[in-house]
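# Secondary and tertiary structure notes
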Amino acid sequence: METLDRIIAEHPFFIGLDDGFTNLMVSCASNVRFKAATYILREGDPANTFYLIRDGKVAVEVMAPQHKPIIVSTLSVGEILGWSWLLPPFQWKFHARAVDDVRAIALDGKCLRTKCEQNHDLGYEVLKRFAQIIEQRLEATRLQLLDVYAVRR
Amino acid sequence: MTVATAVTTDPMLPQPYAVREVAKETPDTFTLRLEPENAVNRSSFQPGQFSMLWVFGVGELPISISGDPALHDRLVYTVRSVGQATHSLVNRGVGDGVGVRGPFGAGWPLEAARGRDVIVVAGGIGLAPLRPVIYHVLQNRKDYGRLVILYGGRSPRDLMYRKELVTWARNPETQVLVTVDYGGLNWRGHVGVVTTLFKYSRLQPARSVAMVCGPEIMMRFVTRELETRGLSRDDIYLSMERNMKCAVGFCGHCQYGPHFICKDGPVFRYEQILNLLEKYEL
Amino acid sequence: MAQGPEHVLSADQLGKLIEALVRQGYEVIGPRLRDGAIVYDKVESSEDLPAGWTDEQEPGRYRLKRREDDAFFGYAVGPQSWKNYLHPADVRLWSAERQGETFRILNNEAKPQRQHAFLGARACELAAIAVQDRVLLEDKYRDPIYDRRRRGAFIIAVQCTQAAATCFCASMGTGPQVSAGFDLVLTELLGPKGHRFLLAAGSDRGAEILAELETVPATAEVCQEARARVEAAARQQVRSIDTAGIKELLYENFEHPRWDNVASRCLTCANCTMVCPTCFCTSVEDVTDITGDHAERWRRWDSCFTQSFSYIHGGSVRTSAKARYRQWMTHKLASWIDQFGSSGCVGCGRCITWCPVGIDITEEVTAIREGGQNGNP
């Protein structure tokens, strides 16, 4: 568990958070592995865990009728997968598939949610960090939407 | 004020070259290798420069030179077919003639980058004017630090120079990261805009010089990302594009604020143009 | 050489000046009446000149009016400038022949047969020629077409003794006094002492021509009278541009509401760029004949006011009239300074006169300085 300690404490997401809280998160963390082509989470399932990717690539996908699944983005080493555990209805909005073999740290989102409700200072700190992640993803998504490499006639 | 230069070949007259090879990079992009009809002509250029390519009776286009600057017997161009003139250019066959004027413009800062890490950020066809930089750095490896190549394309089939991307990555102290806006089930690489690659790169901002080329929107976001990561505005270079007719600063078409892209550019230091990039309809 | 000593030439001897130039092999280009305007065209004798005519100019208005005297140069400026001769509107750059799979370029740009003598160049026009010299001869490349025509051109300047309502050269520091850049300079004087010209040489070849004419040395009195007339022309000007800090003013006001105001009036007709003596933008056109074996490249005047001027694949960068007007004015008054070390505007007022809706560049500058949306709706 020592490695887990260090990884979590040093990850940008956790820096600046109360030590006691970080320790709590570590106690709810576990190493997980996903084989290539398996699904880490599925759209519609309850969202109670989030992941800190340590190795491998994850594809965030949308299942569309009459289409093959559409990859909207990929996440890799050091990135956090999943924020829907934080806000109601606590349900995944996309599929996430391991593109190669993925190693990650699973963190207890349900536990963290409860703590945030009880301690709003903590809640604010956590929300701030996730807001930043969401903002970066939103900006990147908008850029993708622009289809800048397409030929306009 | 600069002194009028006496050029050895008249910059206004196309020199006859012939197509020696045509390679298809993507469904709409082709790489042409041209060699001069008159073998005496040396074809040298600085990475980042462009030529005006003339198709007999059709028209003339500014195209960045995308070949190896160490080879002086040829000029290589990667052209995307987007309209009538580019269409006729990419449909040239081996042996067909193409008129070449140039090379023109201010190129990439290879001298200023000596001893430093070089970050090449390319979007779409923007990798073409940057390929000469990659060749130069890899051939003069000890003159440069780390080489980081970040390349974004529309989709997997739109990626150029695929074999070279693989061989480049095998060089020491060289990192190549590729992403696409639209992936597919068979694509096992990154999906997302090129700015998302930064976090996976081994960047050392203080030691780095960045060279960026791609659609203007992409360059705006990339420079912002580079600045956020600690690069100085003097160490970020962009290649700009505007309408060009003469390439020698007389027709006035390529003006970008006070700059003539054909002679003050196309490569600019970010510091020089940062207050122009944000202006709509400049 | 600095300006030589001043002489007086009787007005009826003006034709001899033209003859002397023709003898030296020049084709004399000077003012002529045509299509209700004073234009620059071939002049063979003094009878071709618009004696007794003047122009009345206002924003969007140009009329010729008869004078009470017979002054040859009693007008301000017409729609054209010497740009039409030095930087022609249509030039074939070269032609080419197909040869199998390749081609051969015939470097056969049409060259003028005789050099021109420009009769009647105003101070603003000389300033404009100097501006174009800087752009086309003294920057990174040299334009051989302009070079060839410029080097041989013989310039007979004329001091302005009256100003049109649209003139503002005094505020631009380009006139009305001619001080350099000429081979000969004339000041036309009329009155009880007779119709005569004060003239002086500004170069060796000017002195050569002067030597062929019947002149008498000018008295101090005549010189004084001539200077006073030019000073009066300066005082007569009703328009001006305050050029202090104008570069920063325009660079920093990219989003000023005045641009929308002018855009609602501007037709993007490009008249202003056609008549402006410093506008130099051109385009190239490649043409073939029906066989496809012969090709030519032509250079033609172009204007930043056209939709296609800023076209790159996908569309034009400056699609709105607002962006195009702003580009022209900012380039002329501000960017030009960074590019070439001086303003691009010489205060000739042509753009004001020949704008069909009467947009006045001097008024636009004032409006931006003052920060409000004043002026004509």
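Residues numbered from 1 in each chain as written. Chains lettered and ligands numbered in written order. Predicted model: local features only at pLDDT ≥ 70, side-chain atom pairs only at ≥ 80, totals over all residues.

The next subject is the domain arrangement of chain C. Residues and elements named next belong to chain C. For chain C, the assigned domains are domain 1 (7–89 + 109–236) and domain 2 (246–279 + 303–370). Relative to domain 2, the C-alpha centre of domain 1 lies at a distance of 28 Å. Every contact between the two is made by 26 residues of domain 1 and, on the other side, 22 residues of domain 2. With 8 residues, the single largest contributor to the side of domain 1 that touches domain 2 is helix α3 (residues 123–136). A per-class count over the side of domain 1 that touches domain 2 returns 14 nonpolar, 8 polar and 4 charged. (Domains from an automatic or database assignment. Contact = placed C-beta atoms within 7 Å. Helix = DSSP H or I, 4+ residues; strand = E, 2+ residues; numbered from the N terminus. Nonpolar A, V, L, I, M, F, W, Y, C, P; charged D, E, K, R; others polar.)

All right, on to the interface of chain A and chain B then. Taken together, the contacts link 20 residues of chain A with 22 residues of chain B. Looking at the side of chain A that touches chain B, the elements with two or more residues in it are β5 (70–75) and α4 (120–146) of chain A. For the side of chain A that touches chain B, the element with the highest residue contribution is α4(A), accounting for 4 residues. Per-class residue counts for the side of chain A that touches chain B are 12 nonpolar, 5 polar and 3 charged.

Hydrogen bonding along the main chain pairs the strands of a sheet, whether they run parallel or antiparallel. Residue and element names in this part refer to chain B. One open sheet holds the 6 strands; their spatial order is β4-β3-β6-β1-β2-β5, and the pairing between them is antiparallel. In this open sheet, the two edge strands, each paired with only one partner strand, are β4 (59–64) and β5 (75–80). Pairs of neighbouring strands in the sheet enclose a mean axial angle of 40 degrees, with direction left out of account. Relative to strand β6 (residues 97–104), strand β3 (residues 50–55) runs antiparallel, the two being bridged by 4 bridges. Bridging from a neighbouring strand, Met52 pairs with Arg101 of β6. (Pairing = 2+ DSSP bridges. Axes fitted to C-alpha atoms, helices over the stretch in contact; angles between N-to-C directions.)

Our next topic: the domain arrangement of chain B. All names here are of chain B. Examined at the domain level, chain B breaks down into domain 1 (15–104) and domain 2 (117–239). Taking only C-alpha atoms into account, the centre of domain 1 sits 24 Å from that of domain 2. Taken together, the contact pairs 15 residues of domain 1 with 14 residues of domain 2.

Across the contact, 43 residues belong to chain C and 39 residues belong to chain B. Broken down by class, the residue content of the side of chain C that touches chain B amounts to 19 nonpolar, 14 polar and 10 charged.

Turning our eyes to something else, we now look at the packing of helix α3 (residues 109–118) of chain A against α4(A). Residues and elements named next belong to chain A. Running from amino to carboxyl end, α3 crosses α4 at an angle of 125 degrees, the nearest separation of the two axes being 5 Å. As the angle between them shows, α3 and α4 are arranged oblique. Of the two elements, α3 crosses α4, and the hand of that crossing is left-handed. Here α3 contributes Leu112, Lys115, Cys116 and Glu117 to the contact with α4, which in turn contributes Leu122, Gly123 and Val126. Residue classes in the contact of α3 with α4 are distributed as 4 nonpolar, 1 polar and 2 charged. (Parallel < 35°, antiparallel > 145°, perpendicular 65-115°, else oblique. Left-handed = near helix turned anticlockwise from the far one by under 90°.)

Of all residues in chain B, 96% have pLDDT values of 70 or greater, and the mean over the chain is 93. Contacts from residues 1–8 of chain B, a stretch scored under 50 in pLDDT, to residues over four places away or in other chains number 12 contacts. (pLDDT = per-residue confidence, 0-100.)

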